[in-house]
Amino acid sequence: MNEKSHVIAAIVEHKPGVLYSVANMFRRRNFNIESIAVGPTEQSDLARMTITVNGDERTIEQVIKQLNKLIDVIKVSRLDPSNIVSREMALVKITAPGAKIRTDVINYANIFRARVVDVSPESLMVEITGDANKIDAFIASMKPFGVKEVARTGITALSRGVKSVKIEE
Amino acid sequence: MTKMSGAQAIVEALKRQKVEVIFGIVGGAVLPLYDVLYETPEIRHIMARHEQCAAHAADGYARASGRPGVCMATSGPGATNLVTGIANAYMDSAPIVAFTGQVNAFAVNSSYMIGRDAFQEADIIGITTPVTKCNFQPKRASEIPKTLKQAFHIATTGRPGPVLVDLPKNAQTETAEMKFRDSVRIRGYKPKIDPHPFQVKKAVELLLKSERPIILAGGGVIISNASPELLTIAELLMAPVTTPLMGKGCFPENHPLSLGNIGMHGTSASTKLILEADVLLAVGTRFSDRTTGKLDEFCPDAKIIHIDIDSAEIGKNVGVDVPIVADAKKTLTAIYQSLTSKLQKGKSSQWAKRVREVKEQARDEMSGGEKDLKPPRLMKELRKILPNDAIVATEVGQNQMWAALYFMSYKPRTFISSGGLGTMGFGFPASIGAKVACPDTPVVDIAGDGSFRMTEQELACSVIEKIPVTVIVLNNSVLGMVAQWQRLFYGRRYSAVDLGNVPDFAKLAKAYGAEGTRVGSLKEFSKAVKKAIKSEVTTVIDVPIGYEENVFPMIPAGAGLKGMIESEEEL
């Protein structure tokens, strides 16, 4: 078994129930969604789902075929990890009482090019964008201070260059 | 553009789809629709006595005719009762369109509205998403013409399957300007029909080189009406044909190249020869576990060509050498045309000899016991009585496997059985549906006493609606297939399988106004069947058989094809 993480982009009808049918297909076929990010596209009636899935080659092939089979899924592409820009955003709330700890956290945040977006007497909230590894690394570095809460968006990605996941009309 | 109510638009759309019959049960949330049906004599409504049976009847109708079957139910329990029938159609790729009522989608400040847990509200869209090809819920009447056009298109094209349309009550009662179009365009749905020429070429090359080709022909051959093409290719290649349950009838089983059924209860000829094959041409089949047995022992030495219109079936269970995603008929035609121009005469007479030899050996098994009222014997007797085009439906369990093994089918769409879901109780309502589709053809349900009891209330439907079918109850007073497993694999510990001797099926049939008879010998059986298929009323023939009958050959669950056993002693 050669299990790897794969990034799949699916262009779907932008209407109620589509996310349900996609998620339901994953559950029913015993596939696991690592992360899923959904949002509207440049065309108002289409939405884009960026799904990361762990699995071997055969599993990913089946995932793509089963996605394609759903009527409301219009196009599915497997993104080549060596030729994409992928980003994830996370909000991380860190326990930070006292000036010394705050300065430390802010210094770390600067190294990761993250931004402090909220502050309270007991905590800081940091916004960080990057690939999943970078976010993992940042969260790990915050562990000693005390990570109170993390909200991650899941990966969203586009392939580089002029190529696009296009819908023929 | 015409102004009409949503309910009128539904009926208009059904007429445009040339729907002639609906199997259904009325209820509160479909009252507006039924009110329009009341004044629509061109569409016959057949009232089932349980919604599950309405769906099975639509399924049987679709399989017998090749046209979409339509069923209808109210919201809530009406809709959820349909689910088994829908799931059954989904597993066996039967084109049915199911309509359900629903509470209002819009009603300002009303508690009788979707999401408020109104009376008889069920989330049937959520419930049926995993068992339908697609489902719809038009929230406004104006969406109805387009929705219905898409629903029928999706159900009947590509790999067919059930589509559900949930109809909120307001969408039925509102009026709107309706526009009915003849064309349909769904951007996420474009079934691939034509085979890729390069893949066809690769398949032909493999077949030309092959010395021991075998054909595995499934339900897809029947769906795409590809039986004539299959026959010509088999004869050209001298390749024997074996069929999983869903393919039964796609190749005449009295043909010298027919090996009969394959799988858990396949014929020994099928099981032996598929293991010897060097090329397997699989058409319209999905390599289910019941067909293949243990996967790594399935045709380990054969190159596999897999033709299926559903790309997701390719490589799902079995790795293939030449995948072809396309319609079975188109692909077989292309393969045939390429083969005839290239094939030298006298293709592998040795393989043909081997096929004859193995079939010869298997003769005894196929001829069945000589004693009276042994199921194999009954099946053979039934075959002698029924005309070639008679339709046989089955229930699920031993009755089904005896029918599959010993009742020879000669034509496509004459054998109707619940293959994928294995739904006990399917056969009787399905045979009612088949009879509606083919009123001049005798239709027989081969049943067990356990299965028949699950949907026997449809005797009322068949009598009142004058849809005469014949039900043969192979009555062993036990859930026979489960008992067989308990006998073979659980040391005869018969847990919860005994059905007792009730009811008296003959009396039960008579209570509904049908005919009923109990037979005690093969002669009486023949007489009863001959009478029943001519009768104008449904007949139930109760045939007592032994409590401990087994179906053999059998490949125990989890074993490979090599693990086939032909008697209890071999275990």
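Turning next to the overall build of chain A. The helix and strand inventory of chain A stands at 4 helices and 9 strands. Mapped in sequence order, the helices and strands of chain A form the string β-α-β-β-α-β-β-α-β-β-α-β-β. Taking the principal axes of the C-alpha coordinates as reference, chain A spans close to 55 × 40 × 30 Å. A total of 169 residues make up chain A; the buried ones form 26% of that total. Nonlocal contacts in chain A, meaning residues at least 24 apart in sequence, comprise 73% of its contacts between residues at least 6 apart.

The next point concerns the overall build of chain B. Broken down by element type, chain B carries 23 helices and 20 strands. Its C-alpha atoms give chain B a radius of gyration of 24 Å, within 12% of the compact-globule value 25 Å for 571 residues. Its C-alpha atoms give chain B principal-axis dimensions of about 75 × 60 × 40 Å. Across the 571 residues of chain B, 56% fall into the buried class. Taking as baseline every contact in chain B between residues at least 6 positions apart, the subset at least 24 positions apart corresponds to 76%.

All names here are of chain B. Mapped onto the elements of the fold, Ala55 is located in helix α3 (residues 51–65). Sequence separation of Ala55 and Thr441 is 386 residues, and the distance between their C-alpha atoms is 21 Å. When sequence neighbours within four positions are dropped, the list of residues in contact with Ala55 reads Cys71, Leu82, Gly85, Ile86, Ala89, Ile96 and Ala98.

Before going further, it helps to spend a moment on the nonpolar core. Among the nonpolar cores identified, the biggest contains 202 residues, and B:Ala54, B:Cys71, B:Leu280 and B:Ile305 are the most heavily contacted of them. Among the elements that make up this core, the one with the highest residue count is α3(B) (8 residues). When neighbours within four sequence positions are excluded, B:Ala54 is seen to be in contact with B:Phe23, B:Gly24, B:Ile25, B:Ala48, B:Cys71, B:Met72, B:Ala73 and B:Leu82. One finds A:Ala90, A:Val92, A:Ile135 and A:Phe138 within the second-largest nonpolar core, a separate group that totals 13 residues.

Residues and elements named next belong to chain B. Spatially, 6 strands are ordered β16-β15-β17-β18-β20-β19 in an open sheet, and the strand pairing comes out parallel. On the outer flanks of this sheet lie β16 (415–416) and β19 (515–518), each paired with one strand and no other. Summarising the sheet, β19 and strand β20 (residues 539–544) pair through 4 bridges and their orientation is parallel. Looking at β20, one finds that Glu515 is bridged to Thr539. Along the sheet, helix α18 (residues 427–437) makes contact with β15 (391–394), β16, β17 (443–448) and β18 (470–475), crossing β17 at roughly 180 degrees.

Residue and element names in this part refer to chain A. In spatial order, the strands read β2-β3-β1-β4; together these 4 strands make up an open sheet with antiparallel pairing. Whereas interior strands pair on both sides, the edge strands pair on one side only; in this sheet they are β2 (33–40) and β4 (73–79). Adjacent strand axes in the sheet meet at a mean angle of 20 degrees, parallel and antiparallel pairs treated alike. As paired strands, β2 and strand β3 (residues 46–55) are joined by 7 bridges and run antiparallel to one another. Bridge pairing links Val38 to Met49 in β3. Where helix α2 (residues 57–69) meets the sheet, it contacts β1 (4–13), β3 and β4, and its direction lies at approximately 160 degrees from that of β4.

All right, on to the domain arrangement of chain A then. Interfaces are often described in size by the accessible area the parts lose on coming together. All names here are of chain A. One can read the domain layout of chain A as domain 1 (4–79) and domain 2 (85–156). Computed over C-alpha atoms only, the centres of domain 1 and domain 2 are separated by 29 Å. Between domain 1 and domain 2, the contact holds 6 residues from the first and 5 residues from the second. Secondary structure elements with two or more residues in the side of domain 1 that touches domain 2: β2 and β3.

Along an α-helix, residues three or four positions apart point the same way, because every turn accommodates 3.6 residues. All names here are of chain B. Residues of helix α10 (residues 227–237) that are buried include every one of Ser227, Glu229, Leu230, Ile233, Ala234 and Leu237, and no others. Buried residues along α10 cover an arc of 160 degrees about the axis, so they all sit on one side. For α10, the secondary structure elements touched by its buried residues are α8 (197–209), β9 (213–217), α9 (219–223), β10 (241–243), β12 (279–283) and α13 (328–342).

Below, the discussion takes up the packing of helix α11 (residues 268–276) of chain B against helix α14 (residues 349–361) of chain B. When two helices pack together, their arrangement is given by the angle between their axes and by how far apart the axes lie. All names here are of chain B. Across the interface, α11 lies against α14 with an axial gap of 9 Å and an inter-helix angle of 150 degrees. Handedness of the α11/α14 crossing: right-handed. Facing α11, whose interface residues are Ala269, Lys272 and Leu273, α14 presents Val355, Val358 and Lys359. Partitioned by chemical class, the residues of the contact of α11 with α14 number 4 nonpolar, no polar and 2 charged.

Before going further, it helps to examine the interface of chain A and chain B. Opposite the 17 residues of chain A that make contact, chain B presents 14 residues. Elements supplying a minimum of two residues to the side of chain A that touches chain B: α1 (18–28), α2 and β4 of chain A. With 6 residues, α2(A) is the largest single contributor of residues to the side of chain A that touches chain B. Partitioning the side of chain A that touches chain B into residue classes produces 5 nonpolar, 5 polar and 7 charged.

Below, the discussion takes up the domain arrangement of chain B. All names here are of chain B. Looking at the assigned domains, one finds that chain B contains domain 1 (2–178), domain 2 (197–364) and domain 3 (368–570). A straight line from the C-alpha centre of domain 1 to that of domain 3 covers 31 Å. On the domain 3 side, the residues contacting the 24 residues of domain 1 number 25 residues. With 10 residues, α3 is the largest single contributor of residues to the side of domain 1 that touches domain 3. Grouping the constituent residues of the side of domain 1 that touches domain 3 by class yields 12 nonpolar, 8 polar and 4 charged.

Let us now look at the packing of α10(B) against α13(B). Residue and element names in this part refer to chain B. The N-to-C vectors of α10 and α13 enclose an angle of 30 degrees; their axes lie 9 Å apart at closest approach. Here α10 lies roughly parallel to α13, going by the angle between them. Seen from above, α10 lies across α13 with left-handed handedness. Residues Glu229, Leu230, Thr232, Ile233 and Leu236 of α10 form the contact with α13, whose participating residues are Lys329, Leu332, Thr333, Ile335, Tyr336, Leu339 and Thr340. When the residues that make up the contact of α10 with α13 are grouped by side-chain class, the tally is 7 nonpolar, 3 polar and 2 charged.

What counts and how
Residues numbered from 1 in each chain as written. Chains lettered and ligands numbered in written order. Predicted model: local features only at pLDDT ≥ 70, side-chain atom pairs only at ≥ 80, totals over all residues. Helix = DSSP H or I, 4+ residues; strand = E, 2+ residues; numbered from the N terminus. Buried ≥ 20, exposed ≤ 12 C-beta atoms within 10 Å, placed from the backbone. Contact = placed C-beta atoms within 7 Å. Rg over C-alpha atoms; globule rule 2.2 N^0.38 Å. Core = buried A, V, L, I, M, F, W, Y, C linked by C-beta atoms within 7 Å. Pairing = 2+ DSSP bridges. Axes fitted to C-alpha atoms, helices over the stretch in contact; angles between N-to-C directions. Domains from an automatic or database assignment. Arc of directions from axis to C-beta. Left-handed = near helix turned anticlockwise from the far one by under 90°. Nonpolar A, V, L, I, M, F, W, Y, C, P; charged D, E, K, R; others polar. Parallel < 35°, antiparallel > 145°, perpendicular 65-115°, else oblique.

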